[in-house]
Amino acid sequence: MVQPLLKYPDPNIRLISANVRFFNDELRQWIGDMADTMRANDLDALSAILIGIQYNIILLKEADTYTPYINARLIKHAGVSTKTERSVYYEGISVDVDRYENVTVIYEDEFGEPHHRDLTGDLARVFQQQLDYCYGSTFVDRVDREMKQRINDHLEYGLVKGSSACPIVFVRDYFKRGAKYAMGMISVTFILPLFASDKVCGWAYAFDKYALIGVPLLMIAYFFYALYESRLYKQCTSCQTGNIIGTTAIMAVQLLVVSLGVFFWMAP
């Protein structure tokens, strides 16, 4: 059955959608209503909140198939591109928005079966647009302050206040990359003993020791800043604390391996 779409200035667009915990006929009826609404409005994608259902359900039209993504999360991303987007909610407004070009998504289908999938290009962008709605956000939350003010001034009642968007890049990622790049540079020096002079190897060993000091500092900074961001952006990913601990543990193992290489292979 075709359902009315949420339109500006309905404040319910700012509600954060709950995870689906049941996979029954009612859920499948909602998905059917979403598909009917998409056909009636010539839409390629729809979040359940846009028809007043406060659950994390996204429906994407792919060729002639309507694919449900339930309890969806991004677990991997690459590349960023800027394109002009329009909104079902904010009619008549279009803005340039940064989005990931490639994403890996985990989700469940209408029967509760888990899946993961790589999305690229326009499909990845459309998916991210709908995921924003699930987390109480809209595309105008992703533009700079000047553009946001212009949109606010253009709208009769101003922008609908509420949740903030998940950032396109988490600051903690810079600390993680720094630690990985440092370990990568150290690892490159491991080939020097195979052909370089003792003097050159000595310089490389000294460099490696100093570089090793920075890696645990970057790891500590990553861990504590990641915990801060997990509290700041609770709606953005699932199981953030577990992911943070797991990522830190993996980096610790990598650091141990690199350290052994430095002190048992590179040492004069």
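Residues numbered from 1 in each chain as written. Predicted model: local features only at pLDDT ≥ 70, side-chain atom pairs only at ≥ 80, totals over all residues. Heavy atoms only, no water.

S.K.: How would you summarise the overall build of the chain if you had to cite specific residues and measurements?
M.R.: For the chain, the count of helices and strands is 6 helices and 5 strands. Seen in sequence order, the chain has helices and strands lined up from the N terminus as α-β-β-β-β-β-α-α-α-α-α. Taking 2.2 N^0.38 as the reference for a compact globule, 268 residues should give roughly 18 Å; the C-alpha atoms of the chain span a radius of gyration of 23 Å, well beyond that estimate. Referenced to the eigenvectors of the C-alpha coordinate spread, the extents of the chain come out at roughly 75 × 45 × 30 Å. Looking at the chain as a whole, 45% of its 268 residues qualify as buried. As displayed, the chain offers around 14400 Å² of accessible surface, 58% of which is attributable to carbon and sulfur atoms. Within the chain, one finds 26 positive and 30 negative side-chain charges whose respective centroids are separated by 8 Å. (Helix = DSSP H or I, 4+ residues; strand = E, 2+ residues; numbered from the N terminus. Rg over C-alpha atoms; globule rule 2.2 N^0.38 Å. Buried < 20%, exposed > 50% of the residue type's maximum accessible area, 1.4 Å probe, protein only. Areas by Shrake-Rupley, 256 points an atom, 1.4 Å probe, with all protein chains shown as cover. Lys, Arg positive; Asp, Glu negative; His and termini not counted. Charge placed at Lys NZ, Arg CZ, Asp CG, Glu CD.)

S.K.: Residue-level account of the pairing of strand β2 (residues 57–62), with values.
M.R.: For β2, the buried fraction is high: 5 of the 6 residues fall into the buried class. The sheet contact formed by strand β1 (residues 45–47) and β2 spans 3 bridges and is antiparallel. From the neighbouring strand, L46 faces β2, where its bridge partner is L59. As paired strands, β2 and strand β3 (residues 65–86) are joined by 6 bridges and run antiparallel to one another. Bridging from a neighbouring strand, E62 pairs with T65 of β3. (Pairing = 2+ DSSP bridges.)

S.K.: Just give me the short version of the side chain of R14, but keep the residues and values in it.
M.R.: Note that R14 resides in the segment before α1 (25–41). There is a polar contact of 2.9 Å between the side chain of R14 and the backbone oxygen of G136. (Polar contact = N/O pair within 3.5 Å; in protein donor to acceptor, adjacent residues only side chain to side chain.)

S.K.: Give me the lowdown on the nonpolar core, citing residues and values where you can.
M.R.: Judged by nonpolar contacts, the single largest core of 36 residues is most densely connected at L46, L50, I57, Y89 and Y90. Top element by residues in this core is α1. It accounts for 6 residues. Within the second largest apolar cluster, 23 residues are counted, among which are I186, L212, V262 and M266. (Core = buried A, V, L, I, M, F, W, Y, C linked by side-chain atoms within 4.5 Å.)

S.K.: Which residues make up the sheet that holds strand β5 (residues 114–120), and what values go with them?
M.R.: Within a sheet, neighbouring strands are paired by backbone hydrogen bonds and run either parallel or antiparallel to one another. With antiparallel pairing, the 5 strands of this open sheet are ordered in space as β1-β2-β3-β4-β5. Both outer strands of the open sheet, β1 and β5, are each paired with one neighbouring strand and no more. Each adjacent strand pair in this sheet contributes to an overall mean axis angle of 35°, direction not counted. In terms of strand pairing, β3 meets strand β4 (residues 94–108) through 13 bridges, oriented antiparallel. Bridged to K76 within β4 is T104. Sheet strands in contact with helix α2 (residues 121–134) are β1, β2, β3, β4 and β5, and its direction is about 90° off that of β4. (Axes fitted to C-alpha atoms, helices over the stretch in contact; angles between N-to-C directions. Contact = heavy atoms within 4.5 Å.)

These results come straight from atomic positions and should not be treated as a statement about function.
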